[in-house]
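Descriptive structure summary
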Amino acid sequence: MEESKKSNSKFLIIALAALLVGISIYTFYNNSEHKKLTDAIEVEKNEIAVNLDSMIAKYETAIAKNTSMSNELSLERDKIIMLRDSVKKMKVVNYEVLRKLRSQLFKLEEANKDLFKKNEKLTGENRRLSSNLDSVNVVITKQIARNDTLTTVNKGLAEKVVIGSILKVNSAKILAMRERSGGKLVETSRSRNTDAFRINFTIAKNEISDQGERSVYMQIVDLKGNTIAKKGKLTLFDNTTIDYSDKTTINYVNEPIDIISLVEVNRDNIVDGVYTVNIFIENKFAGASQITLK
């Protein structure tokens, strides 16, 4: 009887030991499988985060193209950044969570395809418009250059026309005249006999000068620059003012005009030396002549 109890007790111990070993093996197996599952879930979570990072980079590139969709792309990028950050911060992840993340990632990728396609189309249109604008700018720049050249040429021509239209005097001559007892004037070379100066000249033909009335001024000066027989003052084109000895008005019709002027003087004021007559038409110098009196 005693031996039978010992035998049963020994069997029970062996059975319990075997059960304990089995439980240990099962627990180890379960822990190992759980770790494998957890690691696999973590790897997939990281892959999703990497895919989201790649997607964000694509958005940054698309936004940088600065199309009319840039604001819309910026909003979508911000949503993806928030999702990426939430994925990285997840501590507990299971297959249900992964399934939802995969679904969101798929929807985002599909939306991306549509947005990026539209953005690329706009980028292409912008590129074509930019190219067309560059071409237009080149044409405008060339035209401006041509216009500037024409303006310069026209300005030069206008200046030449102005210069060319200035009237000139030909065959200018000044003579000293002595009055005889009968009132007749005869030429003299003596200063003490000079009662007048006779000035002869021809206004030359000029086909490009404007027709119409012109004021002609004559100034007789001595060697000291003093004006003889002052009649009035004339302001020249450079704003200097001179005294003139005689003035006449002509009607210019682009043909030569002969002018004769007689300037009476007091012979007591005439001394030996050189006398010059300067001729001005309007306010510009037109010619000159000299005489030497003894």
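A few points on the structure.

Here we come to the overall build of the protein chain. For the protein chain, the helix and strand inventory stands at three helices and 10 strands. Reading the helices (α) and strands (β) of the protein chain from amino to carboxyl end gives α-α-α-β-β-β-β-β-β-β-β-β-β. Counting only contacts in the protein chain whose residues sit at least 6 apart along the sequence, the fraction spanning at least 24 positions is 69%. A total accessible area of about 19,900 Å² is found for the protein chain, and carbon and sulfur atoms account for 55% of it.

Attention now goes to the sheet that holds strand E4 (residues 212-221). Overall, antiparallel pairing links the four strands, which are arranged E7-E4-E9-E10 in an open sheet. If you trace the sheet from one side to the other, it starts and ends with strand E7 (246-252) and strand E10 (284-293), each paired once. Shown here is a sheet whose adjacent strand axes are inclined to one another by a mean of 20°, direction ignored. Relative to E10, strand E9 (residues 273-281) runs antiparallel, the two being bridged by nine bridges. Bridging across to E10, Ile279 finds its partner in Gly287.

We now examine a positive patch on the surface. A cluster of basic side chains, namely Lys117, Lys121, Arg127 and Arg128, defines a positive patch on the protein surface. The topology assignment puts Lys117 in helix H3 (residues 95-164).

Another point: the pattern of salt bridges. Taken as a whole, this structure holds four salt bridges when the rule is applied. Residues Lys205 and Glu207 are paired through a salt bridge, measuring 3.6 Å at the closest nitrogen-oxygen approach. The class for Lys205 is partly exposed, based on a relative accessible area of 44%. A salt bridge links Lys233 to Asp243, with the shortest nitrogen-to-oxygen separation between them at 2.8 Å. Of this pair, Lys233 sits in strand E5 (residues 232-235) while Asp243 sits in strand E6 (residues 241-244), and the two are 10 residues apart along the sequence. On the basis of relative accessibility, which here comes to 60%, the residue Lys233 falls in the exposed class.

By secondary structure assignment, the location of Asp246 is in strand E7. For the buried Asp246, which has no salt bridge, the nearest side chain bearing the opposite charge is Lys231, at an N-O separation of 4.4 Å. A distance of 2.3 Å separates the side chain of Asp246 from the side chain of Ser261, its partner in a polar contact. Excluding residues within four positions of it along the chain, Asp246 makes contact with Val216, Tyr217, Met218, Lys231, Ser261, Leu262 and Val263.

Attention now moves to the packing of aromatic side chains. Aromatic ring pairs: the centre-centre distance and the angle between the two ring planes describe each pair. In total, this model carries three aromatic pairs according to the counting rule given. A ring pair is formed by Phe197 and Tyr275, whose centres lie 5.6 Å apart and whose planes are at 40°; its orientation type is tilted. Of this pair, Phe197 sits in strand E3 (residues 196-203) while Tyr275 sits in strand E9; the two residues are 78 residues apart in sequence, bridging distant segments of the chain. With respect to class, Phe197 is no different from Tyr275; both count as buried.

On to the nonpolar core. Phe197, Ile199, Phe201, Ile203 and Ile220 are the most contacted members of the largest nonpolar core, which has 26 residues in total. For Ile203, the contacting residues outside a window of four places in its chain are Leu167, Lys168, Val216, Ile250, Tyr252, Glu255, Pro256, Ile257, Ile259 and Ile281.

Moving on: the side chain of Arg214. Along the polypeptide, Arg214 turns up in strand E4. Buried and unpaired, Arg214 has Glu282 as its nearest opposite-charge partner, separated by 5.0 Å. Separated by 3.1 Å, the side chains of Arg214 and Ser209 make a polar contact. Dropping the residues within four chain positions of it, Arg214 is found in contact with Leu167, Ser209, Thr248, Thr249, Ile250, Tyr252, Ile281 and Glu282.

Cut-offs applied
Within every chain, residues take consecutive numbers counted from 1 along the sequence as written. With pLDDT at 70 or above as the cut-off, local features in this predicted model cover only qualifying residues; side-chain atom pairs require 80 or more to be listed or tallied, and sums for whole chains, interfaces and linings still use all residues. As a rule here, side-chain values come from all non-hydrogen atoms in the structure, and water together with hydrogens is ignored. Secondary structure elements follow DSSP: runs of H or I no shorter than four residues count as helices, runs of E no shorter than two count as strands, and numbering proceeds from the N terminus. By definition in these notes, contact holds between two residues if any of their heavy atoms fall within 4.5 Å. Per-residue and other accessible areas were derived by the Shrake-Rupley procedure at a 1.4 Å probe size, with only the shown protein chains allowed to occlude residues. If DSSP finds at least two bridges between two strands, the strands pair. Only the contacting stretch of a helix is used when fitting its axis, a line to C-alpha atoms as for every element, and angles between N-to-C directions run 0 to 180 degrees. What makes a patch is a set of residues exposed beyond 30% relative accessible area and free of salt bridges, joined within 9 Å when like-charged and within 5 Å when nonpolar (Val, Leu, Ile, Met, Phe, Trp, Tyr). Throughout this description, the term salt bridge denotes a Lys or Arg side-chain nitrogen within 4 Å of a carboxyl oxygen of Asp or Glu. In this count, Lys and Arg are taken as positive residues and Asp and Glu as negative ones, while His and the chain termini are left out. Working definition for charges: the position is that of NZ of Lys, CZ of Arg, CG of Asp or CD of Glu. Under the scheme applied here, a residue whose accessible area is under 20% of the maximum for its type counts as buried, over 50% as exposed, and between as partly exposed, the area being computed with a 1.4 Å probe on protein chains only. Any N or O atom pair separated by 3.5 Å or less is treated as a polar contact, with the protein-specific requirement of one donor-capable and one acceptor-capable atom, and with residues adjacent in sequence counted only for side-chain atom pairs. Here the aromatic set is Phe, Tyr and Trp, taking the six-membered ring for Trp, and pairing holds for ring centres within 6.5 Å; pairs whose planes are under 30 degrees apart are stacked, those over 60 apart are edge-to-face, and all others are tilted. Only buried residues count toward a nonpolar core. Its members are Ala, Val, Leu, Ile, Met, Phe, Trp, Tyr and Cys residues joined through side-chain atoms within 4.5 Å.

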